[in-house]
Amino acid sequence: MINAFIRGTGSYAPKNIVKNDFFQNVGSSDKWIYENLGIKERRISVGETTSDLAYKAGLAAIEDAGVLPGEIDLVILATATADRLAPSCACFVQEKLAAKNAVAFDISAVCSGALFAIATGVQFIKSGMYKNVLVIGADTFSNITDWSRRDSVFFGDGAGAILLSDTTEDKGFLDFILHTDGTGKEHFTIPAGGSETPTTQESIDKGQHFFQMNGHEVFKTAIEVVPKCISEILTNNNRTIDEIKFLLPHQPSIKILQEIAKRINMPFRKVKTNMDRYANTSGGTIPIILDETFKNNELEKGDLLLFAAVGAGWTWGTGLYKY
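Residues numbered from 1 in each chain as written. Predicted model: local features only at pLDDT ≥ 70, side-chain atom pairs only at ≥ 80, totals over all residues. Heavy atoms only, no water.

A. Fine view of the pattern of salt bridges. For the coordinates displayed, the defined rule picks out 19 salt bridges. For Glu243, the salt bridge is made with Arg239, and the minimal N-O distance between the two is 3.4 Å. Taking relative accessible area as the criterion, Arg239 reaches 30% and is therefore assigned partly exposed. Among the ionic pairs, Arg277 bridges to Glu292, the shortest N-O distance being 2.9 Å. Taken as a pair, Arg277 in helix α8 (residues 275–278) and Glu292 in helix α9 (residues 285–295) lie far apart in primary sequence, 15 residues in all. Connected through shared salt-bridge partners, Asp276, Arg277 and Glu292 make up one network. (Salt bridge = Lys/Arg side-chain N within 4 Å of Asp/Glu carboxyl O. Buried < 20%, exposed > 50% of the residue type's maximum accessible area, 1.4 Å probe, protein only. Helix = DSSP H or I, 4+ residues; strand = E, 2+ residues; numbered from the N terminus.)

B. Quick peek at unusual backbone geometry. In this structure, the amide linkage connecting Ala86 to the following residue, Pro87, adopts the cis form with an omega of 0 degrees. Relative to the helices and strands, Pro87 resides in the loop between β4 (74–78) and α3 (89–97). Cis geometry is found at the peptide bond from Gly313 to Trp314, where omega equals -5 degrees. Its place among the elements puts Trp314 in the loop between β12 (304–311) and β13 (315–322). Here the phi dihedral of Ala98 falls at roughly 60 degrees; this positive angle occurs in a residue that is not glycine. Relative to the elements of secondary structure, Ala98 occurs in the loop between α3 and β5 (103–107).

C. Looking closely at the packing of helix α6 (residues 215–236) against helix α7 (residues 254–263). Two elements in contact, α6 and α7, have axes separated by 9 Å at closest approach and are oriented at 35 degrees. Regarding α6 and α7, the two cross each other, and that crossing is right-handed. Contacts between α6 and α7 involve Val218, Phe219, Ala222, Ile223, Glu224, Val226, Pro227 and Ile230 from the first element and Lys255, Ile256, Glu259, Ile260 and Arg263 from the second. When grouped by side-chain class, the residues that make up the contact of α6 with α7 number 9 nonpolar, no polar and 4 charged. (Axes fitted to C-alpha atoms, helices over the stretch in contact; angles between N-to-C directions. Left-handed = near helix turned anticlockwise from the far one by under 90°. Contact = heavy atoms within 4.5 Å. Nonpolar A, V, L, I, M, F, W, Y, C, P; charged D, E, K, R; others polar.)

D. View of the sheet that holds strand β6 (residues 132–140). Strand order in the open sheet made by the 5 strands is β1-β7-β6-β4-β5, with mixed pairing throughout. On the outer flanks of this sheet lie β1 (3–12) and β5, each paired with one strand and no other. Pairs of neighbouring strands in the sheet enclose a mean axial angle of 20 degrees, with direction left out of account. Looking at chain direction, β1 and strand β7 (residues 157–167) are connected through 9 bridges and run antiparallel. Looking at the pairing, Gly8 lines up with Leu163 of β7. Contacts between helix α2 (residues 50–65) and the sheet are confined to β1, β4, β6 and β7, with β1 contributing the most and set at about 125 degrees to the helix. (Pairing = 2+ DSSP bridges.)

E. Structural view of the sheet that holds strand β11 (residues 244–249). Ordered by their spatial adjacency, 4 strands build an open sheet running β8-β13-β12-β11, and the pairing between neighbours is mixed. Of all the strands in the sheet, just β8 (172–180) and β11 have a single pairing partner and so form its edges. Along the sheet, successive strands turn relative to each other by an average axial angle of 15 degrees, direction set aside. Against the sheet, α9 contacts β11, β12 and β13, and its axis sits at roughly 145 degrees relative to β11.

F. Fine view of the nonpolar core. Counting residues in each nonpolar core, the largest one holds 47 residues, and the members touching the most others are Ile230, Ile241, Ile244, Leu247 and Leu306. At the level of secondary structure, the elements contributing two or more residues to this core comprise α1 (30–37), α6, β11, α7, β12 and β13. Broken down by element, this core gets its largest block of residues, 9 residues, from α6. Filtering out sequence-adjacent residues up to four positions away, Leu247 remains in contact with Ile230, Ile264, Met266, Lys270, Val271, Lys272, Leu306, Phe307 and Ala308. One finds Ala4, Val135, Phe307 and Tyr321 within the second-largest nonpolar core, a separate group that totals 33 residues. (Core = buried A, V, L, I, M, F, W, Y, C linked by side-chain atoms within 4.5 Å.)

G. Representation of the environment of Asp303 within the structure. Along the chain, the position of Asp303 falls in the loop between α9 and β12. Sequence separation between Asp303 and Val46 is 257 residues, and the spatial gap between their C-alpha atoms is 39 Å. Here Glu300 takes part through its backbone nitrogen, which lies 2.7 Å from a polar atom of the side chain of Asp303. (Polar contact = N/O pair within 3.5 Å; in protein donor to acceptor, adjacent residues only side chain to side chain.)

Written as structure tokens, this is what we have:
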């Protein structure tokens, strides 16, 4: 049986660091942000587009895997902040990588995007259609943030990449469970700029091109659906939470992750976080934390990793991986 394994990883974040003190002007503070969100600082792009970040992370993953750009069959980019409405941001990245033989397209699931993209890439490999798939999660939420609002504290810019390849060895992705509930579409949204509300001077003046978030609903939904999804994937694969080496989650807030860990009976030391340095990089979160975990040499053959995410839509899911 053909499976997909992680052959290489890479990540990139802009050099410009914005610390919590910056947000005193919008009624927040370093103490509140760190205690409630777990954020100390975030990276904000200056003159770099989403495709620039994605290209640099993707190149790092390709080099880590020891393959050439021409050997990439498919590039899947998870993003909510593409360079343009058209063409896809993945086309920009494919060109920058000189991955001339690769098909390229975007996936839009916001904070669940990278997990959805990984699951998609794995299916292309398991079917035998492709051998090398580059999955990238990248976002520059600074471009859709109203810096005069208190919720501007949540996001940072960054990108992570994973090179998936085929294998017949006893390793790789064991399972995915993905969900969507469109009734949650208003709780995290960018109201204008699409066909429903085209760009006008009025939509610009009303700030409808910035993200709008119902933080209470995000918290309530995340702590309900993610633990259930984790329980579902463990049951389906006859595994227990004690067998999981690490949980590599999307980085919504420290309190959300603490509550999820509590509900699944996982010691929080097993939950990988980096939001203190990057905040929530949306599509970039899971591949960035994955890159850090792999590069820290904390894993041994046979270790089980659990992926989890929840995002706008609502979208959410889990993935199970054998190292």
